Amino acid sequence: MLSGWSLIRLGTVLVYLFMFAPVAVVILLSFNSSQFGAFPMEGLSFRWFVELANNDAIVRAFKTSILLGILTSVISTTLGVMASLAMVRYEFPGKNLLNTALIAPILIPEVVLAVSLLLFLQFLSMPKNFLLLLLGHVIFTLPFVVLVVQARLVGIKKEYEEAALSLGAGPIQTFFAVTLPLLMPAVLAGMLFAFTISFDDITGTLFWKPPGVETVPTQIFAMLRISISPEINALGAVMIIITVVLPLSGAALARRLARRSAE
Amino acid sequence: MAAVAAEERDLRPWILLSPALTTITLLLAIPTCFVVVYSFWLRTAAGGEQVGFYLDNWIEVLTDQFYRDILFQTFRIAAITTVLCALMGYLPAYFIAFSKMRNKAFLLLLLMLPFWVSYIIRTMSWINILGVSGAVNYVLTSLGIVSEPIQMLYNETTVVLGLIHFLLPFMVLNIYVSLEGIDPNLVDAARSLGSTPFQAFREVTLPLSLPGLAAGGLLCFVLGGGTYITPLILGGPTDAMFANLIYEAIIIQLNWPLGSALSIVLLVVLGAVVLLYNRFLGLGQIRKGFG
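- For chain B, the name recorded in an unreviewed UniProt entry is ABC transporter permease, with Ferruginivarius sediminum as its organism.
- UniProt annotates chain B under Sequence similarities (unreviewed entry) with the comment "Belongs to the binding-protein-dependent transport system permease family. CysTW subfamily."
- Annotation of chain B in UniProt includes, under Subcellular location (unreviewed entry), the sentence "Cell membrane".

- By the naming in an unreviewed UniProt entry, chain A is ABC transporter permease, taken from Ferruginivarius sediminum.
- Within the UniProt record for chain A, the comment given under Subcellular location (unreviewed entry) is "Cell membrane".
- Here chain A is described in UniProt, under the heading Sequence similarities (unreviewed entry), as follows: "Belongs to the binding-protein-dependent transport system permease family. CysTW subfamily."

### Considerations on the packing of helix H10 (residues 197-225) of chain B against helix H13 (residues 256-280) of chain B
Residues and elements named next belong to chain B.
(1) Moving on: In the contact formed by H10 and H13, the axes pass within 11 Å of each other and the chain directions differ by 175 degrees. Relative to H13, the element H10 is oriented roughly antiparallel. Every residue of H13 that contacts H10 at Pro211, Ala214, Ala215, Leu218, Phe221, Val222 and Gly225 is listed here: Leu266, Leu270, Val273, Val274 and Tyr277.
(2) Moving on: By residue class, the composition of the contact of H10 with H13 is 11 nonpolar, one polar and no charged.

### Points about the interface of chain A and chain B
(1) Moving on: Contacts between chain A and chain B engage 87 residues on the former and 84 residues on the latter.
(2) Moving on: Carbon and sulfur atoms supply 84% of the area that chain A and chain B bury against each other, a total of about 7800 Å² over both sides.
(3) Moving on: Summed over the shared surface of chain A and chain B, the result is zero salt bridges.
(4) Moving on: Taken together, chain A and chain B are joined by six residue pairs in polar contact (both at pLDDT 80 or more).
(5) Moving on: For the side of chain A that touches chain B, the element with the most residues is helix H1 (residues 2-30) of chain A, which contributes 16 residues.
(6) Moving on: When its residues are assigned to classes, the side of chain A that touches chain B shows 68 nonpolar, 12 polar and seven charged.

### Describing the packing of aromatic side chains
(1) Moving on: Per the stated rule, a full pass over the model turns up 33 aromatic pairs over all chains.
(2) Moving on: Ring geometry for A:Trp5 versus B:Phe95: centroids 5.3 Å apart, planes at 20 degrees, classification stacked. Taken together, the residues A:Trp5 in helix H1 and B:Phe95 in helix H4 (residues 65-98) connect one chain to another.
(3) Moving on: Linked through ring pairs, A:Trp5, B:Tyr90, B:Tyr94, B:Phe95, B:Phe98, B:Phe198 and B:Phe201 together constitute an aromatic cluster.

Analysis parameters
Along each chain, the written sequence defines residue order, and numbers are assigned to residues from 1. Just so you know, chain letters begin at A and ligand numbers begin at 1, following the order they were written in. Local features in this predicted model are restricted to residues whose pLDDT is 70 or higher, and side-chain atom pairs enter the listing and the counts only when it is 80 or higher, whereas totals over whole chains, interfaces and linings include all residues. No hydrogens and no water enter the side-chain calculation; it runs on all heavy atoms of the structure. UniProt positions are given in the numbering used here, feature names are shortened, and annotations may be inferred rather than shown by experiment. Fitting a line to C-alpha atoms yields each axis, with helices limited to the stretch in contact; the angle taken between N-to-C directions then spans 0 to 180 degrees. In this description a helix means any DSSP run of H or I spanning at least four residues, a strand means any run of E spanning at least two, and both kinds are numbered starting from the N terminus. Relative orientations are named as follows: roughly parallel for angles under 35 degrees, roughly antiparallel for angles over 145 degrees, roughly perpendicular for angles from 65 to 115 degrees, and oblique for any other angle. Contacts are assigned to residue pairs that have any heavy atoms within 4.5 Å of one another. Note on residue categories: nonpolar means Ala, Val, Leu, Ile, Met, Phe, Trp, Tyr, Cys or Pro, charged means Asp, Glu, Lys or Arg, and polar means any other residue, Gly included. Buried area counts how much accessible surface, traced with a 1.4 Å probe, disappears from two parts once they are put together, with both parts' losses summed. We count a salt bridge whenever a side-chain nitrogen from Lys or Arg sits within 4 Å of a carboxyl oxygen from Asp or Glu. N or O atoms closer than or at 3.5 Å make up a polar contact, with two conditions inside protein: a donor-capable atom paired with an acceptor-capable one, and, for residues adjacent in sequence, both atoms drawn from side chains. Here a pair means two rings of Phe, Tyr or Trp (six-membered ring of Trp) with centres within 6.5 Å. Their orientation is stacked below 30 degrees between planes, edge-to-face above 60, and tilted elsewhere.

The following block contains the structure:
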């Protein structure tokens, strides 16, 4: 038994190593003072981060990505919360079908989603612009928000809302005074989820982005086509911090909020 | 409150649903139908589109051996990736589910972390590991094991490797969710009835975790089969997957009718996998991962 378990433990350690080593190497190399984005390490330096901050194209890509991520997460969380309320709190005909429709965007390969949205909006003579990018990101992140919010909403007792209603609060008042505060951790989780997915997306973005506009992932993609440079590693390190530290602190915040509302 | 209003037709759920449903109808349902129509149009020599009902794209896509080969190659790469993810994913999922350690939640979170790290960064990070001036070649040449750096990148193996790195967290999470739901008394019962630990695993734990394995497998297969970024970054010229053909047709050649036909093929093929899964196992299992 013991040897079996130690084998499992060894396997687990190896899998963790496999998952983390490449990411760790990116961070390590981003501090390499060498001209080339590769081994050997010649010394520690922050110069590549400084060059990043001075690189207009990269700074612009960051601004685009952040704006896109924030707009996407606000819109898709609003749509997602409303739809989840309908799904969890009401009974109506066709519910199962609609529930599948809500998560349909992740059941369809993202390339196909990207192609259909692009071709349809071009057919309507809408040029490739920021709006197309935003619409694409909203449709693609919506299912994730719906799944996260629904899972949480199922666990919130209907009795709280019924109590508020029986005490004379209107449905909208009930939502803002009772349901929303209880749902806040899921709303934040959904927003973060949507933001991170949007911030990271490249599959659809390469189809939707107007010429000349780059998000951080497409900027990295364009730079990779030339060669791997120390700047890419530094950019990678910054991306890792944004996409890892942000959700982690969000999760910690959500847990604190949940604990407070439970008290 | 739903019960009271149910007597008359309750419009509230429909009001709540309408923004999301409008979005999905306008941005997903109608565009997908439109792509079907588009695939019957023709690209003219001038670069425009000839509206009509032409079967040319479909005849090309369905009869050309080239497309069949790439489709087969896509299936092979996705299948190998899925099987390897299942094998590699089971160990940590099992360890986290049955470990007596106090920091189980932390271990799970740790394994989910790469899931948050940008897909393109994770894909590109393998160039730092396996590239000509990457970590492995650096170690090998400094130790004098090889005199010249070995070319390890840009082949089917590195594409599979990149895909595993991308998809493994989905697999671990799904297996973990189903292992976590197993009543530990069942394994104890099997043991007390005289089975060895391995027998107990084979007869009790493994069958009970199959729904999680299947859900993880579906995600790995469908996400792996629909990607074009990993082959572009880590693959060689002959390692294209089906989605690469779509990217090529739409973005590079601007042959939108052909790209439409190719998109429909990918949608039907991967959609059939999802439908088969839903028919026999149900999509509910995948939702559990979000709980």
